[in-house]
Amino acid sequence: MNVLEYKNYRKSLTALRRRGGRFQKAAEKAIVYQDDLKDERLRKKLPVTNHGENRIDKAVKYDLGGNGCRLVTVQDNGRIFLCFAGAHDDVDKWLDKNRGLTIRVDEGNRVIPSFESKDYTNPEERLQRDAGYTDKPLVSLLQQRHQDAIMKGLAWSLAKAIGEATVEVSDDEIQQLVDRIEDLVQQTAVFDALMLLREENIDGATNRIRAFTGELCKLGDQEQSLPYLEDSEYFQNVDVSSEHYQKLIENFARNADYKDWMLFMRPAQQRFVDADYAGPAKVTGVSGSGKTAVVVRRAIALTERYPDQQVLVLTLNRSLAVLIEELVNTAALEEVRDRIEVLPFFMLCQRFLYQFEPDNTRLYDDVTWKSREHIDAIWREYYRCELHNYDARALQKVHDSLISRGIDAESYIREEFDWIRSATAPGNRDAYLSMERTGRTYPLDANFRQDLLRGLESWERKMTFVGVTDYLGIANALYHHIDKIEPRYRCVLVDESQDFGTIDFQLIRRLVAEDSNDVFLCGDAAQKVSSKHHSLSDAGLAVAGSRSHKLVLNYRNSRQILELAHGMLMDNLFNEMLQIHDFEILDPEYANFGGPTPLFLSAASLGDELAAAVTYAKSEAEENSAAKICIAICGFSEHELEAFAQNQRLPLLNGETDLKGHQVIVSDLENTKGFEFHCMIIVNCADGVVPNPRAPVEEAFRDLSRLYVAMTRARHQLVLSCCGAPSPFLEGQLKHLSQYLWEEYIGQEQDLAPLEPPKRLEQLRHDTPPRDILSMTGEEYLYQEDAIGCPALLVEKLRKLVTGKSRIVQGTPAEWRSISAALKDTRSKPRCRQLFGPEGYRVFREWFDN
Ligand SMILES: Nc1ncnc2c1ncn2[C@@H]1O[C@H](COP(=O)(O)OP(=O)(O)OP(=O)(O)O)[C@@H](O)[C@H]1O
């Protein structure tokens, strides 16, 4: 005997229970009734309500007491479908919304709901649905074969008229169109399909058409005796009398903030929750496909499978760990909760280091993601050889080569250090000299690599000296003790695994003995934003093909948002991206809901954009107190955004932020990863900002991923904003965006003063106004942003001639104190131009005259 629950049934039951008093009693009664329903004899004794129910075929409602609380079921051929439990009015509303619900099964005996009008000419007996947002013709939302099915046999002019209907079509207009169809069954099917499409319920419309074509049958239509009914996206079998089920309901009723997926996992997701793997397994999923949801559920399932053993969930940073921990605490029963540990990776390393190096605790104490804020400044100080530390001069040749090719060497080399530290073990750095640098495109020969290794060594010394360690530093520090790490967990699950490095994985491998279900990874290559080296096989975590799976259905973003984000990704796919081992962009399947067309808003300046974005976010927050809104600002680092956020009295997302109690949040692009917001406003999506023009073109894909991550955080509304020309990444998609000026969009009456844009690192480091570039020595100048793109010949001359010392040989200047002095002398004393050579002199003049 099957008892199946409809996808939101448990939610209705826990909501009723949570209301307390007589409602709670009613919910408890429903739990008892569910059990009795399985037994035909007991079923007959349950109190059915007096008035039948004609809104839903084969519905049976039970009286739960409590002044009209009801349990709504559908009963067909001995199968029981639990649909809704609620107070009288809520049940009434639910029945109105679900009018025409008809239980059908597909060829795999999966239970599928189809919404079918009894009499489409009668407003009381037909489906009633609101209009959605799509601007496409409704029928075009369907797959071709379903379009063909509803149009079959129709006169050309009628098919054309139906094909042109949009969300603006009224109920009566749909009826008039449908009246022209001759076949009575087809009439109702087309009416229902158009109603469902108008609300952008494409799955609903598709199911309705499949019912019409006979792909979905009613239970009574089955020729043989009714087989066991299988779980589907909509209905799942439940063992209502099990103690576990009852405990779960109670658990959810006690938790105020459970998420829908905690109550109803889709079969595609559930498969990975329950699966038994002989070794490391991996699920790659599109953004918003429920990877985190799967990690949480699987962690809980594993504690149940391995009683008395510990399960570890690892993620990138503290805020994501907090988020996952909250989910675990809500979804897991008390008895297993203690056996699931959720940690950001660095904290795990920290714990081991406290144990292995008890004398160094202070050093590792400061390691948080937050330390990046000052580490930016420390890096610059080191890199630019300030404070009489000239160690970074080892990097000069690489620096010069990079800047003469228009690359921001300071950032590139820092990323290269991350790459080296994530690819090679601390005692084996020389391996870098001959490694293939996957993901890094600027060629570096053996000499350059030697220099980089020397530079890295001195940078690590500097960090130890000033008492900070960054994220990779701590993994490297722990690596020295790798042999001492004993397996201490039965299973380890990793969320956002695409941003973990090879060394991280080697450490993770040690945490758990090689066994079935030992390591489970979830990630999405399209969301990889770090430049770390990432190889599972190098880390001894090779995932057999049979243990590598995909999740492609997105649950988070409205169709319009995902279409835009995915379209942008596909428009800009870089070869370099595709060459990365393990990299795969999955084609998403869209969530079954629509939303407003994403906006593209422009303003005269970044200050105007920011003022408008903050005002708009605050007004949205006021209007909808449950909505969380994120303003992500392109082109600035987290550290640079800190003071800006503080001035606006808004929290900044930084890997540590607790989002509770805040509605409007500021972030850079990268830190939005893993979160979701009702509305995302992405400011400064401008040409010259995204992608960063000072990174190698071949590595612009990292900026593409960052923008994609930020865009796919939006559930309902996405606003892209810029001043000047938009980011070239968006070029192909602009036609799909609603474009306005910010002032038009938020209303002219709001005459907003522009906000001061975030300060750059240089302004944050020095309160004094920036130094005049011409007063600098060659070496000082070559560290400035202005010098990026400086021709190689000029770089060489500046280093050699503008040394900071004034030297005169036989009455002619031979070295200069500053660029301005060199300019002055070469202008007035043609003889000293010879030092530059004719070409060098021409370039020198041209460069500085401009
Ligand atoms: N079975 C489900 N039913 C309804 N909603 C779901 C389901 N599974 C996940 N969701 C919702 O989809 C959204 C995305 O889920 P989740 O954060 O787990 O995805 P993800 O794959 O980890 O995303 P990303 O990689 O983009 O961070 C969340 O709002 C979640 O509540």
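Quantities reported herein were computed from a predicted structural model and do not represent experimental measurements.

Quick notes on the rules
Residues numbered from 1 in each chain as written. Predicted model: local features only at pLDDT ≥ 70, side-chain atom pairs only at ≥ 80, totals over all residues. Heavy atoms only, no water. Helix = DSSP H or I, 4+ residues; strand = E, 2+ residues; numbered from the N terminus. Expected span 1.5 Å × (residues − 1). Buried < 20%, exposed > 50% of the residue type's maximum accessible area, 1.4 Å probe, protein only. Contact = heavy atoms within 4.5 Å. Pairing = 2+ DSSP bridges. UniProt positions renumbered as here; feature names shortened; annotations may be inferred. Polar contact = N/O pair within 3.5 Å; in protein donor to acceptor, adjacent residues only side chain to side chain. Domains from an automatic or database assignment. Buried area = accessible area lost by both parts, 1.4 Å probe. Salt bridge = Lys/Arg side-chain N within 4 Å of Asp/Glu carboxyl O.

Chemist: For helix H24 (residues 559–571), give the residues involved together with the corresponding values.
Modeler: Between its first and last C-alpha atoms H24 spans 18 Å; for 13 residues at 1.5 Å apiece the expected length is 18 Å, and the two agree. Burial of H24 is extensive: 10 of the 13 residues sit out of reach of the surface. For H24, the complete set of buried residues consists of Arg-559, Gln-560, Ile-561, Leu-562, Leu-564, Ala-565, His-566, Gly-567, Met-568 and Leu-569.

Chemist: An account of the environment of Ile-503 is requested, with residue identities and associated values reported.
Modeler: Mapped onto the secondary structure, Ile-503 falls in helix H23 (residues 502–511). Spatially, the C-alpha atoms of Ile-503 and Pro-426 are 9.5 Å apart, while their sequence positions differ by 77 residues. Ignoring any residue separated from it by four or fewer positions in sequence, one finds Ile-503 in contact with Arg-421, Ser-422, Ala-423, Thr-424, Ala-425, Ala-475 and Tyr-479.

Chemist: Give a detailed account of the pairing of strand S1 (residues 3–6), specifying residues and quantitative values.
Modeler: In S1, alternate side chains face the same way, and those of Val-3 and Glu-5 on one face and Leu-4 and Tyr-6 on the other are all buried. With three bridges connecting them, S1 and strand S8 (residues 235–237) associate as antiparallel partners. Each residue of the ladder has a partner; that of Leu-4, found in S8, is Asn-237.

Chemist: Go over the UniProt feature "binding site: ATP" (unreviewed entry) in the protein with me, naming the residues and quoting the values.
Modeler: The sites that carry the UniProt feature "binding site: ATP" (unreviewed entry) are, in the present numbering, Gly-285, Val-286, Ser-287, Gly-288, Ser-289, Gly-290, Lys-291 and Thr-292. Tracing the backbone shows Ser-287 in the loop between strand S9 (281–285) and helix H13 (291–305). Here Ser-287 falls in the buried class, since its relative accessible area comes to 1%. With residues near it in sequence (within four places) discarded, Ser-287 still touches Asp-524, Gln-527, Asn-554, Arg-556, Asn-557, Tyr-708, Thr-712 and Arg-713. Of note, Lys-291 is situated in helix H13. The class for Lys-291 is buried, based on a relative accessible area of 10%. Those residues in contact with Lys-291, other than ones at most four positions away along the chain, are Val-283, Thr-284, Gly-285, Val-286, Asp-495, Cys-522, Gly-523, Asp-524 and Gln-527. Among the polar contacts listed, one links the side chain of Lys-291 to the backbone oxygen of Gly-285, at a separation of 3.1 Å.

Chemist: Report on the domain arrangement of the protein, specifying residues and quantitative values.
Modeler: Taken domain by domain, the protein comprises domain 1 (3–221), domain 2 (255–357 + 480–553), domain 3 (368–468), domain 4 (560–761) and domain 5 (791–849). Each of domain 3 and domain 5 has a C-alpha centre, and these two points are 30 Å apart. Listed by partner, the interface residues are five residues for domain 3 and four residues for domain 5. Of the roughly 340 Å² buried between domain 3 and domain 5 on both sides combined, carbon and sulfur atoms contribute 54%. When residues of domain 3 are sorted by the area they lose upon contact with domain 5, Gln-396, Asp-400 and Ser-404 head the list and together hold 85% of the total. Counting across the interface, domain 3 meets domain 5 through one salt bridge. Linking Arg-799 and Asp-400 is a salt bridge whose minimum nitrogen-to-oxygen distance equals 2.7 Å. Counting across the interface, domain 3 meets domain 5 through one residue pair in polar contact (both at pLDDT 80 or more).

Chemist: Can you explain unusual backbone geometry? Please cite residues and give values.
Modeler: Here the residue pair Val-690 and Pro-691 is connected by a cis peptide bond, since its omega of -5 degrees sits within 30 degrees of zero. Here Pro-691 lies in the loop between strand S18 (677–683) and helix H28 (701–711). A positive phi angle, close to 65 degrees, is found at Glu-200, a residue other than glycine. Topologically, Glu-200 is positioned in the loop between helix H8 (184–198) and helix H9 (202–213). For Glu-200, a relative accessible area of 1% corresponds to the buried category. Positive phi is not limited to glycine here, since Asn-684 has a value of about 70 degrees. Mapped onto the secondary structure, Asn-684 falls in the loop between S18 and H28.

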